[in-house]
Amino acid sequence: MTAASPLILAAPHPAALTAARRAAERGGNAVDAALAAAAALTVVYPHQCSLGGDLIALVHAPGGSVRAVISAGAAAQAVDVDALRAADERMPPQGPQTVTVPGVVAGWAALAEAHGTPGALASALRDAAELAEGGATVSVGLARAIRERAPQIAADPGLTALLTSPGDALLAEGDPLPQPRLAAVLRTLADDPSSFYRGAIAEALVNGLRRAGSSLAADDLSAHQAANVEPLTLDAAGTRWWTAPPPSQGASLLAVLETAASVAKLPEPERIGLLATRCQDASAARDLLLGDPLGPSPVDLDGLLRPAALAGARPPEPAFRPAGDTVAITAVDASGLAVSLIQSVYQTFGSGLCDPETGIVLHNRGSAFSLLPGHPALIGPGLRPPHTLCPVLGRSADLLIAAGCQGGRAQPQILAQTVPDLMDPAADPAAVLDRPRWVIGTRDIGHESPTLLAEPGSVPAATSAFPSVVPVVVAPGRTDLAGHTQAVRLSAGGWLDGASDPRADGGTTLEGSSL
């Protein structure tokens with residue numbers, strides 16, 4: 001069977017490309033291919049995404065409408081905020097108290113129901129189960145994460161079982177990565193995705209979390225639903241941009257995209273300096289203002305979209321280095337169906353807990369909550385934490401683009417340096433993603449004070465035209481902190497192209513007949 005419509009997909013791992021190819025060969029569309037890639041990635045990239053993580057996606061329908069799917073899980077109804085405050089002034093970085101309800105599976109189901117081909121998600125999950133049964137091996141990126149997080153792995157029986165050999169050695173690049181318990185879960189989900197939230201899988205997860213010290217209960221899982229909502233929009237320089245609304249940081253991305261459009265024709269030093277300043281302001285506004293719109297404190301959306309200048313004020317700092325681990329998958333087909341899907345366990349190996357009974361690594365999204373009274377991100381029963389995930393879609397008279405990236409808190413900065421240039425039909429996507437980039441941060445990029453971390457060649461030498469708002473540190477070469485961007489495009493003339501970031505392990509796959 002050939003693809004119903006030619007499509008292109010970008011993803012950060014070869015196994016995801018293989019899964020997408022199979023979905024296309026079964027007649028699947030762009031969403032089917034993206035879901036197949038997403039399922040495969042939960043098997044081969046447990047340090048970055050899993051069934052125990054969250055999902056945010058944007059979908060452009062063939063008719064031109066765009067919707068956001070937000071499947072970000074909430075804190076337990078029984079969360080004890082006073083006890084958390086008594087332990088520390090900030091949320092713990094990892095551990096059972098940082099596990100919120102995982103939203104990935106509900107997000108997949110919502111996308112499949114709204115835009116997928118009947119039966120495609122079930123087939124993708126069975127393919128992922130086969131991969132988990134014995135077809136996966138340790139990639140370069142996973143091997144690096146295992147080395148860097150060896151103490152964390154040793155501290156958790158589930159991670160130890162997953163990531164060590166029968167001889168108790170840490171797995172290395174190329175080693176087999178068998179996950180029979182996860183395979184069984186994936187087969188169960190192929191028959192009934194809702195069993196993750198109301199069934200044997202939910203029961204196993206809750207029991208394991210309770211033993212670990214979490215307050216999540218069966219009712220918390222059963223209450224979870226993916227939200228299908230209106231996206232945020234920006235019209236700038238002939239392009240309409242769409243991002244996800246709060247609790248996503250999509251508003252921060254629109255703030256910097258607006259600046260990127262306004263400074264595009266300025267000389268490089270001035271252009272980069274103004275954009276870097278705007279990125280710092282947008283990041284500070286996010287830390288102060290972003291939270292769950294369902295919470296008791298309103299989210300100041302206008303303040304996020306139009307961030308005030310810091311004027312020398314010091315933005316809030318994370319309590320630890322949140323080395324964001326995320327995967328972005330983008331796909332578009334010739335019908336105009338496009339998706340940018342991002343799923344994540346937040347930090348490397350998430351909460352540091354792998355449920356031994358199911359083989360599911362659990363995220364630590366709850367670490368992003370605040371314990372400060374009155375803060376929009378204050379943790380509370382049934383509330384969602386602020387989210388770094390911010391997929392983006394763009395459309396002009398010439399192009400439709402779907403893009404997303406790994407990069408934690410810096411995702412708006414990374415995308416602002418890539419997606420505007422990708423809206424030029426003459427631009428080579430691979431060349432754009434290959435360009436050196438910079439990010440501004442503190443502990444999230446390994447510095448104790450606000451710093452601009454630059455890949456070589458990404459910023460001009462210090463001159464009066466580039467008065468950097470913070471100290472500049474030049475990295476020795478490419479760095480994962482500059483993000484892993486995935487982007488695909490459909491032109492008004494019908495051609496498809498795209499690229500996968502050279503900082504990642506993946507690529508693109510173009511499926512279907514010639515256009």
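Throughout what follows, the structure given in this document is the object of discussion. All figures in this text were calculated on a predicted structure; none of them were measured in a lab. (Residues numbered from 1 in each chain as written. Predicted model: local features only at pLDDT ≥ 70, side-chain atom pairs only at ≥ 80, totals over all residues. Heavy atoms only, no water.)

## A word on the pairing of strand 11 (residues 392-395)
1) Next: Across four bridges, strand 6 (residues 239-243) lies against strand 11 in antiparallel orientation. In the sheet register, Thr243 faces strand 11, and the bridge partner there is Val392.
2) Next: Here four bridges tie strand 11 to strand 12 (residues 399-406), and the two strands are oriented antiparallel to one another. Note on strand 12: the bridge partner recorded for Val392 is Ala403.
3) Next: Between the end of strand 11 and the start of strand 12, which pair antiparallel, lie three residues. (Pairing = 2+ DSSP bridges. Helix = DSSP H or I, 4+ residues; strand = E, 2+ residues; numbered from the N terminus.)

## Some thoughts on the sheet that holds strand 14 (residues 451-454)
To summarise the sheet geometry, strands pair through backbone hydrogen bonds and adopt either a parallel or an antiparallel arrangement.
1) Next: Reading across the sheet, the three strands line up as 13-14-15 and stay open at both edges, with mixed pairing between neighbours. Every interior strand has two partners, whereas the edge strands, strand 13 (438-441) and strand 15 (472-474), have only one. Direction aside, the axes of adjacent strands within the sheet are offset by 25 degrees on average.
2) Next: Pairing of strand 13 with strand 14 involves four bridges; the strand directions are antiparallel. Pairing of Val439 across the sheet is with Leu453, part of strand 14.
3) Next: Strands in contact with helix 13 (residues 268-289) are strand 13 and strand 14; relative to strand 13, the strand with the most contacts, it is inclined by about 35 degrees. (Axes fitted to C-alpha atoms, helices over the stretch in contact; angles between N-to-C directions. Contact = heavy atoms within 4.5 Å.)

## Focus on the environment of Ala169
1) Next: Following the sequence through the fold, Ala169 ends up in the loop between helix 8 (157-163) and helix 9 (180-191).
2) Next: Residue classification places Ala169 among the partly exposed residues on the basis of a relative accessible area of 41%.
3) Next: Non-local contacts of Ala169, meaning those with residues more than four positions away in its chain, are made with Leu163 and Thr164. (Buried < 20%, exposed > 50% of the residue type's maximum accessible area, 1.4 Å probe, protein only.)

## Remarks on the pairing of strand 12
1) Next: In terms of residue burial, strand 12 counts as a mostly covered element, since eight of its eight residues are buried.
2) Next: Burial of strand 12 is two-sided: the residues Leu399, Ile401, Ala403 and Cys405 facing one way and the residues Leu400, Ala402, Gly404 and Gln406 facing the other way are all buried.
3) Next: Relative to strand 16 (residues 484-491), strand 12 is paired through eight bridges, and the arrangement is antiparallel. Bridge pairing links Ala403 to Ala487 in strand 16.

## Remarks on the state of the cysteines
1) Next: Applying the stated criterion across every chain, the model contains zero disulfides.
2) Next: With no disulfide partner, Cys390 has as its closest neighbouring cysteine sulfur the one in Cys405, 6.2 Å distant.
3) Next: We classify Cys390 as buried; its relative accessible area is 0%. (Disulfide = S-S within 2.5 Å.)

## A word on the packing of helix 12 (residues 250-262) against helix 13
1) Next: Between helix 12 and helix 13, whose axes approach to 9 Å, the crossing angle comes to 165 degrees. Relative to helix 13, the element helix 12 is oriented roughly antiparallel. Read as a crossing pair, helix 12 and helix 13 show a hand that is right-handed. Taken together, the residues of helix 13 that come into contact with helix 12 (itself represented by Ser252, Ala255, Val256, Glu258, Thr259 and Ala260) are Leu274, Leu275, Arg278, Cys279, Ala282 and Arg286.
2) Next: Looking at the contact of helix 12 with helix 13 residue by residue, the class counts come to seven nonpolar, two polar and three charged. (Parallel < 35°, antiparallel > 145°, perpendicular 65-115°, else oblique. Left-handed = near helix turned anticlockwise from the far one by under 90°. Nonpolar A, V, L, I, M, F, W, Y, C, P; charged D, E, K, R; others polar.)

## Some thoughts on the sheet that holds strand 12
1) Next: Strand order in the open sheet made by the six strands is 5-6-11-12-16-17, with antiparallel pairing throughout. Either end of the sheet is taken by a strand with one partner, and the two such strands are strand 5 (232-236) and strand 17 (496-500). Between one strand and the next, the sheet's axes are offset by a mean angle of 15 degrees, whatever the strand orientation.
2) Next: Helix-sheet contacts for helix 12 involve strand 5, strand 6 and strand 11, and the interaxial angle to strand 5 is about 0 degrees.

## Overview of helix 12
1) Next: Between its first and last C-alpha atoms helix 12 spans 19 Å; for 13 residues at 1.5 Å apiece the expected length is 18 Å, and the two agree.
2) Next: When you tally the buried positions in helix 12, you get ten out of 13 residues, the bulk of the element.
3) Next: Among all positions in helix 12, only Gly250, Ala251, Ser252, Leu253, Leu254, Ala255, Val256, Leu257, Thr259 and Ala260 are buried. (Expected span 1.5 Å × (residues − 1).)

## Considerations on the nonpolar core
Within soluble globular proteins, side chains that are nonpolar tend to cluster in buried spots.
1) Next: Leu9, Leu51 and Trp108 are the most contacted members of the largest nonpolar core, which totals 86 residues.
2) Next: For this core, the leading source of residues is helix 2 (residues 30-44), giving 13 residues.
3) Next: Not counting the four nearest positions on each side in its chain, Leu51 is found in contact with Thr42, Pro102, Val104, Val105, Trp108, Leu182, Val185, Leu186, Leu189, Phe196 and Ile360.
4) Next: Counting residues in each nonpolar core, the second largest holds 48 residues, with Leu234, Trp241, Cys279 and Val439 among its members. (Core = buried A, V, L, I, M, F, W, Y, C linked by side-chain atoms within 4.5 Å.)

## Brief notes about the pattern of salt bridges
1) Next: Counting across every chain of the model gives 20 salt bridges.
2) Next: Two residues, Asp235 and Arg240, come together in a salt bridge whose shortest N-O distance is 2.7 Å.
3) Next: Owing to a relative accessible area of 52%, Asp235 belongs among the exposed residues under this scheme.
4) Next: A salt bridge links Asp287 to Arg286, with the nearest nitrogen and oxygen atoms 3.3 Å apart.
5) Next: Overall, Asp287 belongs to the buried group, its relative accessible area being 16%.
6) Next: Taken together, the shared-partner salt bridges connect Arg286, Asp287, Arg409 and Asp444 into one network. (Salt bridge = Lys/Arg side-chain N within 4 Å of Asp/Glu carboxyl O.)

## A word on the packing of helix 2 against helix 4 (residues 104-115)
The angle between the axes and the distance between the axes are what describe a pair of packed helices.
1) Next: One can describe the packing of helix 2 onto helix 4 by two numbers: an axis separation of 10 Å at closest approach and a directional angle of 165 degrees. Classified by the interaxial angle, the pair formed by helix 2 and helix 4 is roughly antiparallel. Both helix 2 and helix 4 take part in a crossing whose hand is left-handed. Judged by residue contacts, Val31, Leu35, Ala38, Ala39 and Thr42 of helix 2 engage Trp108, Leu111, Ala112 and His115 from helix 4.

## Considering unusual backbone geometry
1) Next: The omega torsion of the bond from Pro246 to Pro247 falls at 15 degrees, within 30 degrees of zero and hence cis.
2) Next: By secondary structure assignment, the location of Pro247 is in the loop between strand 6 and helix 12.
3) Next: If you check the backbone angles, Ala237 has positive phi at about 55 degrees while not being a glycine.
4) Next: Among the structural elements, Ala237 can be located in the loop between strand 5 and strand 6.
5) Next: Of the residues examined, Ala237 reaches a relative accessible area of 71% and is grouped as exposed.
6) Next: One non-glycine residue, Tyr346, lies in the positive phi region at around 80 degrees.
7) Next: Residue placement: Tyr346 occurs in strand 8 (residues 338-347).

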